[in-house]
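Here is what each chain is made of, one letter per residue.
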Amino acid sequence: MAVALQERIFASERFDEALALEVFRFQASACEPYRRYIELLGLNPFEVTDIKRIPYLPVEFFKTHRIWSAASDLEPETVFTSSGTTGSETSRHYVASTALYDEAFTRGFGYFYGLAEGWSIFALLPSYLERTGSSLIWMVERLQAKNRACGGFYLYDHDKLTADLTAASEKGEKILLIGVAFALLDYAEYLSNQGIELHLPVDAVVMETGGMKGRRREVSRETMHETLKRAFGVGAIHSEYGMTELLSQAYSTGEGLFRCPPWMRVSTRDLQSPLQPLAAGKMGGLNIIDLANLYACSFLAIQDRGIVYPDGSFRVLGRIEGAQLRGCNMLIE
């Protein structure tokens, strides 16, 4: 059954609600923690005929349970882990098919930016590069490999990054500079301190992946973007929205407004009654459907709050305060 479902994930140019219901019924049977959660909610998966009634598994359970919808005798091809502060629990995403992940992020990137082969990708991702198990590093490495002419990972080598960006600009390369927020701000500060003006091509993209990771004082996305636009001489700062527990990403081409590829959908839930979905335009906790997450769980309640608009685009407004196991999350404990 799973193979037949997998073949349909990327087949439609629009979100396939019928497929989402089939994936839900498959995972409601195959994923033990999700099955138990649904049972405790008193739901019969075969009586759920509207995707608005599908329950979303709290994403925290990736920290405490094996979220696995593949055959019991199948071993994961890799395990992605989240970053975390010392002593904190981290999420573990057991990935049954790395080929499916590769297809999801390659198609997702292509949906918004065209073929990865056309980009020289420069990465400033120190907090991810300094540990093992990062799904973001896996993604960027493989996108970079499609065009080896320029780009790479730079950790803290701002001198080399500047020289390589300048060389790529002079050669007319199509440049993507992707970085975690604090690393891009550190680089912007370096450029200012050194009196360096980068002259990137007009079609260059600077993309932040969010997160200060305790490295810098938290600032609003708007303030951060204004700082980065001035430093890099670009008209907009792009953003990538993904996480360890998912296999797909949403992208913003500016102003913090994210859009999803066709096999992904975001909605909001009531913060006081988390099983209650909200109408478009209402602020609430984010729920995400990622049909590519077939062998784990495709229906996750994320601990970010935001607004989803009628056209499916959305904004992320920050973490839900005290986002720990609570409310309906406690049902499975």
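Remember, predicted model here, so these are calculated numbers, not experimental data. (Residues numbered from 1 in each chain as written. Predicted model: local features only at pLDDT ≥ 70, side-chain atom pairs only at ≥ 80, totals over all residues. Heavy atoms only, no water.)

1. Considering the packing of aromatic side chains
The description of two aromatic rings rests on the distance between their centres and on the angle between their planes. Rules: Between the rings of Phe, Tyr and Trp (Trp by its six-membered ring), a pair exists once the centres lie within 6.5 Å; its type follows the angle of the planes, with under 30 degrees stacked, over 60 edge-to-face, and the other angles tilted. For the purposes of this entry, the term helix denotes a DSSP run of H or I that reaches at least four residues, the term strand denotes a run of E that reaches at least two, and both are numbered from the N terminus. For every residue, the accessible area (1.4 Å probe, protein chains only) is compared with the maximum for its type, and the residue is labelled buried under 20%, exposed over 50%, or partly exposed between those bounds. Two limits define a charge over a ring: the Lys NZ or Arg CZ must be within 6 Å of the ring centre, and within 35 degrees of the ring normal.
Taken as a whole and assessed by the stated rule, the structure comprises 21 aromatic pairs. With 5.6 Å between their ring centres and 55 degrees between their planes, Phe112 and Tyr251 make a pair best called tilted. Pair noted here: Phe112 is in helix α5 (residues 98-113) and Tyr251 is in strand β9 (residues 250-252), with a separation of 139 residues, a long-range link. With a centroid separation of 5.9 Å and 15 degrees between ring planes, the pair formed by Tyr187 and Tyr190 is classed as stacked. Pair noted here: Tyr187 and Tyr190 are both in helix α9 (residues 181-194), with a separation of three residues, about one helical turn. When sorted by exposure, Tyr187 lands in the same class as Tyr190, which is buried. Among the aromatic residues, those joined into a ring-pair cluster are Phe109, Tyr111, Phe112, Tyr113, Trp119 and Tyr251. Stacked on the ring of Trp68, the Lys or Arg Arg66 has its end atom at 4.8 Å from the ring centre.

2. Here we look at the pairing of strand β6 (residues 175-179)
Operational definition: In this scheme, strands are said to pair when DSSP sees at least two bridges between them. The handedness of a crossover follows from its direction of travel: if, with the strands pointing away from the viewer, the path from the first strand over the helix to the second runs clockwise, the crossover is right-handed.
The element β6 is largely enclosed, with a buried count of five among its five residues. Alternating residues of β6 divide into Ile175, Leu177 and Gly179 and Leu176 and Ile178, and every residue in both groups is buried. With five bridges connecting them, strand β4 (residues 120-124) and β6 associate as parallel partners. Its bridge partner being in β6, Ala123 is matched across the sheet by Ile178. Handedness of the crossover joining β6 and strand β7 (residues 205-208) through α9 is recorded here as right-handed.

3. Quick look at the environment of Glu117
Spelled out, the test is: Throughout, a residue-residue contact means that at least one pair of heavy atoms, one from each residue, lies within 4.5 Å.
Along the chain, Glu117 turns up in the loop between α5 and β4. Look at Glu117 and you get partly exposed, because its relative accessible area is 40%. With 28 residues separating them in the primary sequence, Glu117 and Ala145 have C-alpha atoms 8.3 Å apart. Here Glu117 is in contact with Lys146 and Asn147, once residues within four sequence places are set aside.

4. As for the nonpolar core
Short version of the rule: Here the nonpolar core consists of buried residues drawn from Ala, Val, Leu, Ile, Met, Phe, Trp, Tyr and Cys, with membership extended through side-chain atoms lying within 4.5 Å.
Counting residues in hydrophobic clusters, the biggest one holds 108 residues, and the most contacted among them are Tyr34, Tyr187, Phe232, Tyr241 and Phe314. No other element matches α9, which puts nine residues into this core.

5. Observations regarding the side chain of Asp304
Threshold: Between N or O atoms, a polar contact is any pair within 3.5 Å; within protein, one atom must be a potential hydrogen donor and the other a potential acceptor, and residues adjacent in sequence are included only when both atoms are from side chains.
By the secondary structure assignment, Asp304 is in strand β13 (residues 299-308). Of note is the side chain of Asp304, whose polar atom sits 2.7 Å from the side chain of Tyr241. Here Asp304 is in contact with Tyr241, Gly284, Gly285, Leu286, Val316, Gly318, Arg319 and Ile320, once residues within four sequence places are set aside.

6. Regarding the pattern of salt bridges
Our working rule: Here a salt bridge means any side-chain nitrogen of Lys or Arg lying within 4 Å of a carboxyl oxygen belonging to Asp or Glu.
Scanning all chains against the criterion turns up 11 salt bridges. In this structure, Arg259 and Asp311 form a salt bridge, with 3.2 Å as the shortest nitrogen-oxygen distance. On the criterion of sequence distance, the pair formed by Arg259 in strand β10 (residues 258-259) and Asp311 in the loop between β13 and β14 (314-319) is long-range, its members being 52 residues apart. The class for Arg259 is partly exposed, based on a relative accessible area of 36%.

7. A look at unusual backbone geometry
The backbone of Leu155 sits at a positive phi, close to 45 degrees, despite the residue not being glycine. In this fold, Leu155 is placed in the loop between β5 (151-153) and α8 (158-170). Notably, Glu255 is not glycine yet its phi reads approximately 65 degrees, a positive angle. Mapping Glu255 onto the fold places it in the loop between β9 and β10.

8. A look at the side chain of Thr209
Along the polypeptide, Thr209 turns up in the loop between β7 and α10 (221-232). Contacts of Thr209, omitting those with residues within four sequence positions, involve Leu125, Tyr128, Leu136, Ile178, Gly179, Val180 and Glu240.

9. Comments concerning the confidence of the model for the protein
Put simply, the test is: Confidence of the predictor in every single residue is expressed as pLDDT, which spans 0 to 100.
On average, residues of the protein carry a pLDDT of 92, and 93% of them reach 70 or more. Between residues 323-333, whose pLDDT stays under 50, and residues either more than four places distant or in other chains, the model counts 29 contacts.

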